Every structure is written in structure tokens, then in C-alpha cells.
Amino acid sequence: MEFLSGNFLIETIVPKNELIVSRTDLKGIITYANETFTKISGYSDNELIGKPHNIVRHPDMPKSIFKELWIDLQTKGRWSGIVKNLRKDEGFYWVYAEISQVLKNEKLIEYKSIRTPISFEEKIKYQLLYDEIREKNNEIKRVISYI
């Protein structure tokens, strides 16, 4: 059973006119993070650069989504989908992510990710979908108590 603490339930809204941009090496280690990424995630450049991109992986995200992501990146060269990310302060933010290979002289050198905001309706739809997937895969469920 998982209990929530801190700001875990506080959402940060990604502004409609902002793009979250990052780059990683082939192992998913962050090599670049734009100012919007640092602001929305709550991390500084120094806290992100050199860390695995999954530093912002929210526990509500099913593991199967990331398995699909890596398979698609390797076979199709790109992946896109809805992702719930975890902030440094344990809050969260939702994005539509587009991740693609970066080639130089036809050789894969890194991955780039561009993330944009999604609608409230999409957030509800994907939270319910991801909860269903996690339950089906026997992953830890969220426990929320109201006083």
C-alpha cells in the first residue's frame, strides 16, 4: 500500500504558450533542459543535467507505457503520448510528449523531447486509463484519504 505525503496531489499547470524541451543521451540521461522544464519540474539545471530522465517519472504512470516508449524509439525512431510527471516537491504536471531520435550523419546520437500542455478532460481520461492499466498489471495503487 502506498501513502501520499507532501505536495503529491498539487498539480502544476503547464502554460499553453510554453514548450518543455529536453535532450538525453542514448541511455536516457539528461543532457539539456530548457528553462520551462526546470521551472515546471521544480529542479534546477544542475539537478537535472546528468540525471536519468525518469527523475520526473510519476508513480501513477504504468511501467508498460515506458516499455512501449523505448520499443517505439528503437523501432520507429519516435514516440508520442500523454505523460504524468513528478515534480521535485512531489507535485505533478501532465503533458503531451513527443520524443524522437536525433541523427547525425545517419547515426543515432541522442533523443529530444518536446512536451506541451493537455486539456483537463484528457487528464481525467488518462488518469483513469493509467489507473486501469496499473491495476491490471498488479502495480501499486494510489491511496487517497479525505478528512
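No experiment lies behind these values; they were computed from the predicted model shown.

## Observations regarding the overall build of the protein chain
Along its length, the protein chain carries four helices and seven strands. In the protein chain, which comprises 147 residues, the proportion classed as buried is 39%. Here the contacts in the protein chain between residues at least 6 apart in sequence split such that 53% fall between residues at least 24 apart. Total accessible area on the protein chain stands at roughly 9200 Å², and carbon and sulfur atoms take up 53% of it.

## Quick notes on the side chain of Arg115
Along the chain, the position of Arg115 falls in strand β6 (residues 107-116). Despite its burial, Arg115 remains without a salt bridge, the nearest opposite charge being carried by Glu98 at 11 Å. Here the side chain of Arg115 touches Ser113 through a polar contact of 2.8 Å, side chain to side chain. Ignoring anything within four residues of it in the chain, the contact list for Arg115 reads Glu18, Leu19, Ile20, Val21, Ser22, Phe37, His53, Val95, Tyr96 and Ala97.

## Regarding the pairing of strand β3 (residues 30-33)
In this structure, strand β2 (residues 20-24) lies alongside β3, joined through three bridges in antiparallel fashion. The partner of Thr24 across the bridge, within β3, is Ile30. What sits between β2 and β3 in their antiparallel hairpin is a turn of five residues, with Gly28 showing a positive phi close to 85°.

## Some details on the confidence of the model for the protein chain
Model confidence for the protein chain is summarised by a mean pLDDT of 90, while 90% of its residues fall at 70 or above. For the stretch residues 1-5, pLDDT sits under 50, and the model shows 11 contacts to residues farther than four places along the chain or on other chains.

## Overview of the packing of aromatic side chains
Here the structure, examined in full by the defined rule, presents three aromatic pairs. When the centroid spacing of 5.6 Å and the interplanar angle of 85° are considered together, the rings of Trp70 and Tyr111 count as edge-to-face. Here Trp70, found in helix α3 (residues 63-75), pairs with Tyr111, found in strand β6; they are 41 residues apart in sequence, far enough to count as distant. Among the residues examined, Trp70 registers a relative accessible area of 29% and is labelled partly exposed. Under the relative-accessibility criterion, Tyr111 is labelled buried at 5%. Taken together, a centroid distance of 6.3 Å and an interplanar angle of 20° make the contact between Trp94 and Tyr130 stacked. Of the two residues, Trp94 is situated in strand β5 (residues 92-104) and Tyr130 in helix α4 (residues 120-136); the sequence distance between them amounts to 36 residues. By relative accessible area, which is 4% here, Tyr130 ends up buried. An aromatic cluster is present here, built from Trp94, Tyr126 and Tyr130 joined pairwise through their rings.

## A look at the environment of Gly77
Following the sequence through the fold, Gly77 ends up in the loop between α3 and β4 (78-86). Between the C-alpha atom of Gly77 and that of Gln101, which follows or precedes it by 24 residues, the distance is 5.3 Å.

## Points about the environment of Phe37
For Phe37, the location among the structural elements is in helix α1 (residues 35-41). The spacing of Phe37 and Val14 is 23 residues in sequence and 9.7 Å in space, taken between C-alpha atoms. Among all residues touching Phe37, those that are not within four sequence positions of it are Ile20, Val21, Ser22, Ile30, Leu48, His53, Val56, Tyr93 and Arg115.

## A look at the pattern of salt bridges
All chains considered together, the criterion is met by seven salt bridges. A salt bridge links Lys88 to Glu47; the nearest nitrogen and oxygen atoms lie 2.5 Å apart. Taken together, the positions of Lys88 in the loop between β4 and β5 and Glu47 in helix α2 (residues 45-48) put the pair 41 residues apart, joining distant regions of the chain. Residue classification places Lys88 among the partly exposed residues on the basis of a relative accessible area of 42%. Looking at Glu47, the relative accessible area reads 27%, which means it is partly exposed. The shortest N-O distance in the salt bridge between Lys76 and Asp72 comes to 3.7 Å. Residue class for Asp72 comes out buried when judged on its relative accessible area of 13%. Connected through salt bridges with shared partners, the residues Asp60, Lys84 and Arg134 form a single ionic network.

Definitions and cut-offs
Residues numbered from 1 in each chain as written. Predicted model: local features only at pLDDT ≥ 70, side-chain atom pairs only at ≥ 80, totals over all residues. Heavy atoms only, no water. Helix = DSSP H or I, 4+ residues; strand = E, 2+ residues; numbered from the N terminus. Buried < 20%, exposed > 50% of the residue type's maximum accessible area, 1.4 Å probe, protein only. Contact = heavy atoms within 4.5 Å. Areas by Shrake-Rupley, 256 points an atom, 1.4 Å probe, with all protein chains shown as cover. Lys, Arg positive; Asp, Glu negative; His and termini not counted. Salt bridge = Lys/Arg side-chain N within 4 Å of Asp/Glu carboxyl O. Polar contact = N/O pair within 3.5 Å; in protein donor to acceptor, adjacent residues only side chain to side chain. Pairing = 2+ DSSP bridges. pLDDT = per-residue confidence, 0-100. Phe/Tyr/Trp six-rings, centres within 6.5 Å; stacked < 30°, edge-to-face > 60°.

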